[in-house]
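# Breakdown of the fold
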Amino acid sequence: MQSDEDLVWTCQYCGVENTVWVDLTIEGKQDFIEDCRICCRPNRIIISKDEEENILIESRPSDE
């Protein structure tokens, strides 16, 4: 099993694609704030796995 990965997320403010390194050994959902590399606005990043163990990444405005 892979223990880490760089995942791509899209900034909810300016639309730019960003990457974030994720530790896949952490069980359950990961929920944290990451700043966009271009506009520097904070985005809420939520990482989870589905039933087939596929990694899902979602970005939301941080004030949500």
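Before any of the text, the structure's been laid out above.
Keep in mind it's a predicted model, so treat the numbers as computed, not measured.

For Asn18, the location among the structural elements is in strand E2 (residues 17–23). A distance of 2.9 Å separates a polar atom in the side chain of Asn18 from the backbone nitrogen of Arg37. Apart from residues lying up to four places away in sequence, Asn18 is in contact with Leu7, Val8, Trp9, Cys11, Cys36 and Arg37.

Counting residues in each nonpolar core, the largest one holds 9 residues, listed as Leu7, Trp9, Cys11, Val20, Val22, Leu24, Cys36, Ile45 and Ile47. Mapped onto this core, the elements with two or more residues apiece are strand E1 (4–10), E2 and strand E4 (42–49).

So, how was this worked out
- Residues numbered from 1 in each chain as written.
- Predicted model: local features only at pLDDT ≥ 70, side-chain atom pairs only at ≥ 80, totals over all residues.
- Heavy atoms only, no water.
- Helix = DSSP H or I, 4+ residues; strand = E, 2+ residues; numbered from the N terminus.
- Polar contact = N/O pair within 3.5 Å; in protein donor to acceptor, adjacent residues only side chain to side chain.
- Contact = heavy atoms within 4.5 Å.
- Core = buried A, V, L, I, M, F, W, Y, C linked by side-chain atoms within 4.5 Å.
- Buried < 20%, exposed > 50% of the residue type's maximum accessible area, 1.4 Å probe, protein only.

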